[in-house]
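Listed below are the residues making up each chain.
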Protein chains: 2
Amino acid sequence: MEKRIYNFSAGPAVLPDEALKEAQENLMALPGVGMSVLEISHRSKTFDNIINQAKEDLIKLLDIPDDYSVLFLQGGASLQFYMVPLNIMPPKNKADYIVTGSWSKKAVKEAKRVGAVNIAASTEEENFNRIPKQEELKLDPDASFVHFTSNNTIYGTQWKSEPEVGDVTLVCDASSDILHKKIDVSKYGIIYAGAQKNMGPAGVTLVIIRKDLLERCSDDLPTMLNYKTHVEKNSLFNTPNTFGIYMIGLVTKWLLNNGGLDAMYERNKNKAELLYNCIDESGGFYKGHAEKESRSLMNVTFNLPTEELEKKLVDEALAAGFSGLKGHRSVGGLRASIYNAFPVKGVEELVDFMKDFQAKNS
Amino acid sequence: MEKRIYNFSAGPAVLPDEALKEAQENLMALPGVGMSVLEISHRSKTFDNIINQAKEDLIKLLDIPDDYSVLFLQGGASLQFYMVPLNIMPPKNKADYIVTGSWSKKAVKEAKRVGAVNIAASTEEENFNRIPKQEELKLDPDASFVHFTSNNTIYGTQWKSEPEVGDVTLVCDASSDILHKKIDVSKYGIIYAGAQKNMGPAGVTLVIIRKDLLERCSDDLPTMLNYKTHVEKNSLFNTPNTFGIYMIGLVTKWLLNNGGLDAMYERNKNKAELLYNCIDESGGFYKGHAEKESRSLMNVTFNLPTEELEKKLVDEALAAGFSGLKGHRSVGGLRASIYNAFPVKGVEELVDFMKDFQAKNS
């Protein structure tokens, strides 16, 4: 078998070995079915079991209450940027957005096509190096909803807990930290997330929506853009990304077999701590981009004294089997994305590598 | 390895063994990459090669002229039902639709949200058992476009060649017969097709669009619904269904390695002829739903003297290793979907089975 390297990519990202192995083993034919999961009808009993099992596992992992629907859609968070306001900004047609990075800004852009957007807070002037504090939020108690991005892949910042929004509907783009810990779903109106960071391969968007919000969705909306369509048909109005949903099922099974989200959260905190300690103990050689209290457990962003050293580290790391460490151009430097499936051992080896690099280059 | 059975499913449908085998072999790690295709960044050099190779193969197979763009989107034909009129019905805001089945009707429903729809012809009164003749089409020479569905999976009918529409832009939903033969792409403004019948797994939508049509797309459209977004970013504005595009690449490689679309067309005609001959020579025991001149090469629909016999045939066929033969409820009876990847041997064996069934039950 091909050797697997350490994949620090921000997404699509590393998947659990166990999930990949099971998919590989059964790729020509699912046991007892005689057809590949890539070939089975989305209307078959076999696929019904696959989609319902994935849904039930997610409900179990996140403790999703009964008054929520779980959907598997297409188009990524980028399509949700438009679908969310289209469906639930009416009838008031105004919403609050908390802007903590590039993805929040893209969400704002699409929301403005539907109605009035109030920027409740933005940390753009500080190059998004922190999450705003509760007292900074200028919330409109009459808004249709408040939108926030729970984790910011590019800047390496993350909300430690949800913003307090009173009785207003809370909407979260959780694309890059969904399933990294347990959250209280009952605090949210809608949670959406592209699968390709913490849940599965690219091409599936998870949407968790509180059912009473469907009353806001006009019957005049385009069929595919109306949440009601997908709730009523259990995500099977049209052919979904069947393989992607199957893979999400394998990943949720892996999570359940490994202690669920509480165990995963401990593991994620441990992995992040190893890296942040290495940065903090480097005497300034490594410098984190995010303010300490806003640091992400998923994406660790940092700089070196010079761009030359940053490039040298990325190149030498790649040669040593650590891939995807180059930071986004908005921040520069390095970014280590260490989602759920990223192994502790890989973080430990990277830390050793970084210490060694510092010793040789400072 | 699990035994593979004959999969007559209407879609998602059978894929070439060669494509599945290569995907399986490399599922843990692409050769020389050290990561699964399910894990690689859509911004990586590796994925650039994958998407560009798939595109080039499609251009080669279909002889797509330079003034067209080839896109890999999400949301299926169902989302195209809305995107097509949203983008190119303006500024005239009227279009002609030729209605040959359930999918055409769904396309009409979404187009009406954008502008005026003229039903240029419909064969609904005959339960869609035929394609309308050219002289039946009531076309508006001033329409923004004419929309038709090249193959109708449910009814088993297919256009032998495109409707003649003069200078008006021709738009085709080719979801269920794309790549089954060469077509003259230059006759079309837009061709769109869900991948899951003749091209790959579910979750990718191929869109082939003549570039001058982009002038009709307003900058005010939601970003993800604007064709310009995806043309400008080579389908990489947001994370696409990376694995689905990889699989399309393996299927196009298989087509090229097996003589391209002319060889495929001969094989498809041969397969369909075997089944239609069996029906026509059955002395009325098997009765085709579609009129002879409208018969589909992709989906062969037929009935038996009684519903009991139909059920018996489906059940006995399944036990003998022929899956997915139950017809759609709109037509009843049986449907054998025999897309590109369906093997000749499977059709021959089904014909033997049908002859045997007739001998025992008539």
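Residues numbered from 1 in each chain as written. Chains lettered and ligands numbered in written order. Predicted model: local features only at pLDDT ≥ 70, side-chain atom pairs only at ≥ 80, totals over all residues. Heavy atoms only, no water.

Asks: Hey, could you run me through the packing of helix 2 (residues 45-62) of chain A against helix 6 (residues 242-257) of chain A in this one?
Replies: How two helices sit against one another is set out by the angle between their axes and by the gap between those axes. Residues and elements named next belong to chain A. The geometry of helix 2 relative to helix 6 is characterised by a closest axis approach of 9 Å and an angle of 40° between their N-to-C directions. Of the possible angle classes, the one that applies to helix 2 and helix 6 is oblique. At the point where helix 2 passes helix 6, the crossing takes the left-handed sense. When helix 2 is examined against helix 6, the residues Phe47, Ile50, Ile51, Ala54, Asp57, Leu58, Lys60 and Leu61 are found in contact with a partner set consisting of Thr242, Ile245, Tyr246, Ile248, Gly249, Thr252, Lys253, Leu255 and Leu256. Of the residues contributing to the contact of helix 2 with helix 6, the split by class is eleven nonpolar, three polar and three charged. (Axes fitted to C-alpha atoms, helices over the stretch in contact; angles between N-to-C directions. Helix = DSSP H or I, 4+ residues; strand = E, 2+ residues; numbered from the N terminus. Parallel < 35°, antiparallel > 145°, perpendicular 65-115°, else oblique. Left-handed = near helix turned anticlockwise from the far one by under 90°. Contact = heavy atoms within 4.5 Å. Nonpolar A, V, L, I, M, F, W, Y, C, P; charged D, E, K, R; others polar.)

Asks: Is there a simple way to explain the packing of helix 7 (residues 260-280) of chain A against helix 9 (residues 344-361) of chain A in this structure?
Replies: Residues and elements named next belong to chain A. Relative orientation of the contacting elements helix 7 and helix 9 amounts to 0°, with a least axis distance of 10 Å. One element, helix 7, and the other, helix 9, form an angle in the roughly parallel class. Packed against helix 7, whose contacting residues are Arg267, Asn270, Lys271, Leu274, Leu275, Cys278 and Ile279, the element helix 9 presents Val344, Val347, Glu348, Leu350, Val351, Met354 and Lys355 at the interface.

Asks: Is there a simple way to think about the pattern of salt bridges in this case?
Replies: Opposite charge on two side chains permits pairing when their charged atoms draw close. Applying the stated criterion across every chain, the model contains 39 salt bridges over all chains. A:Lys105 serves as the salt-bridge partner of A:Glu124, at 2.6 Å between the closest nitrogen and oxygen. Of the two residues, A:Glu124 is situated in the loop between strand 4 (116-122) and strand 5 (145-149) and A:Lys105 in helix 4 (residues 102-111); the sequence distance between them amounts to 19 residues. You can call A:Glu124 partly exposed: its relative accessible area is 39%. Close ionic contact of B:Lys311 with B:Asp315 constitutes a salt bridge, the shortest N to O distance being 2.7 Å. Residue B:Lys311 and its partner B:Asp315 are both found in helix 8 (residues 307-319); the two are separated by four residues, about one turn of the helix. Looking at B:Lys311, the relative accessible area reads 55%, which means it is exposed. (Salt bridge = Lys/Arg side-chain N within 4 Å of Asp/Glu carboxyl O. Buried < 20%, exposed > 50% of the residue type's maximum accessible area, 1.4 Å probe, protein only.)

Asks: Can you walk me through the relation of the copies chain B and chain A in this structure?
Replies: Turning one copy of the chain about an axis and sliding it along that axis gives the other copy, so a rotation and a shift relate them. Screw-axis analysis of chain B against chain A gives a translation of 0.0 Å along the axis, an RMSD of 0.0 Å, and a rotation angle of 180°. Taken together, the rotation and translation describe the operation of a two-fold axis. In this assembly, 100% of the residues forming the interface of chain B have copies in chain A that are likewise at the interface, indicating an isologous arrangement. (Least-squares fit on C-alpha atoms with pLDDT ≥ 70 in both.)

Asks: Quick question: what am I supposed to make of the nonpolar core here?
Replies: Soluble globular proteins tend to pack their nonpolar side chains together in the buried interior. Counting residues in each nonpolar core, the largest one holds 190 residues, and the members touching the most others are A:Phe72, A:Met247, A:Tyr286, B:Met247 and B:Tyr286. When sequence neighbours within four positions are dropped, the list of residues in contact with B:Tyr286 reads B:Cys278, B:Ile279, B:Phe302, B:Asn303, B:Leu304, B:Leu313, B:Met354, B:Phe357 and B:Gln358. Judged by nonpolar contacts, the second largest core, of 72 residues, contains A:Leu71, A:Phe128, A:Phe237 and B:Phe237. (Core = buried A, V, L, I, M, F, W, Y, C linked by side-chain atoms within 4.5 Å.)

Asks: Can you walk me through the environment of B:Thr46 in this structure?
Replies: The residue B:Thr46 is located in helix 2 (residues 45-62) in this model. A relative accessible area of 25% places B:Thr46 in the partly exposed class.

Asks: How do you make sense of the sheet that holds strand 14 (residues 334-337) of chain A when you look at a structure like this?
Replies: Adjacent strands of a sheet form backbone hydrogen bonds with each other and so pair up, either parallel or antiparallel. Residue and element names in this part refer to chain A. With antiparallel pairing, the three strands of this open sheet are ordered in space as 11-12-14. In this open sheet, the two edge strands, each paired with only one partner strand, are strand 11 (287-288) and strand 14. Of the strand pairs in this sheet, strand 12 (residues 299-303) and strand 14 are connected by four bridges, and their pairing is antiparallel. Within strand 14, the position partnered with Thr301 by the bridge is Arg335. (Pairing = 2+ DSSP bridges.)

Asks: What exactly am I supposed to notice about the interface of chain B and chain A here?
Replies: Quoted interface sizes are often the accessible area lost when the parts come together. Of the residues lining the interface, 63 residues belong to chain B; the matching set on chain A comes to 63 residues. Both faces combined, the contact of chain B with chain A buries some 4800 Å², and carbon together with sulfur accounts for 59% of it. Its largest share of buried area at the contact with chain A, chain B owes to B:Met28, B:Leu38 and B:Glu39, together 16% of the area lost on that side. In this structure, the connection of chain B to chain A is made through two salt bridges. Here B:Arg4 and A:Glu39 are joined by a salt bridge, their closest N and O atoms 2.9 Å apart. Counting the contacts that link chain B with chain A gives 25 residue pairs in polar contact (both at pLDDT 80 or more). In terms of residue count, helix 1 (residues 17-25) of chain B provides more of the side of chain B that touches chain A than any other element does, six residues in total. (Buried area = accessible area lost by both parts, 1.4 Å probe. Polar contact = N/O pair within 3.5 Å; in protein donor to acceptor, adjacent residues only side chain to side chain.)

Asks: How do you make sense of the packing of aromatic side chains when you look at a structure like this?
Replies: Per the stated rule, a full pass over the model turns up 29 aromatic pairs over all chains. Considering the side-chain rings of A:Tyr97 and A:Phe145, the 5.7 Å spacing of their centres and the 70° angle between planes classify their relative orientation as edge-to-face. Highlighted residues: A:Tyr97 in strand 3 (residues 94-99) and A:Phe145 in strand 5, separated in sequence by 48 residues. Each member of the pair, A:Tyr97 as well as A:Phe145, carries the same accessibility label: buried. Note on B:Phe8 and B:Phe342: the rings are 4.3 Å apart at their centroids and 35° apart in plane angle, and the pair reads as tilted. Of this pair, B:Phe8 sits in the loop between strand 1 (6-7) and helix 1 while B:Phe342 sits in the loop between strand 14 (334-337) and helix 9 (344-361), and the two are 334 residues apart along the sequence. (Phe/Tyr/Trp six-rings, centres within 6.5 Å; stacked < 30°, edge-to-face > 60°.)

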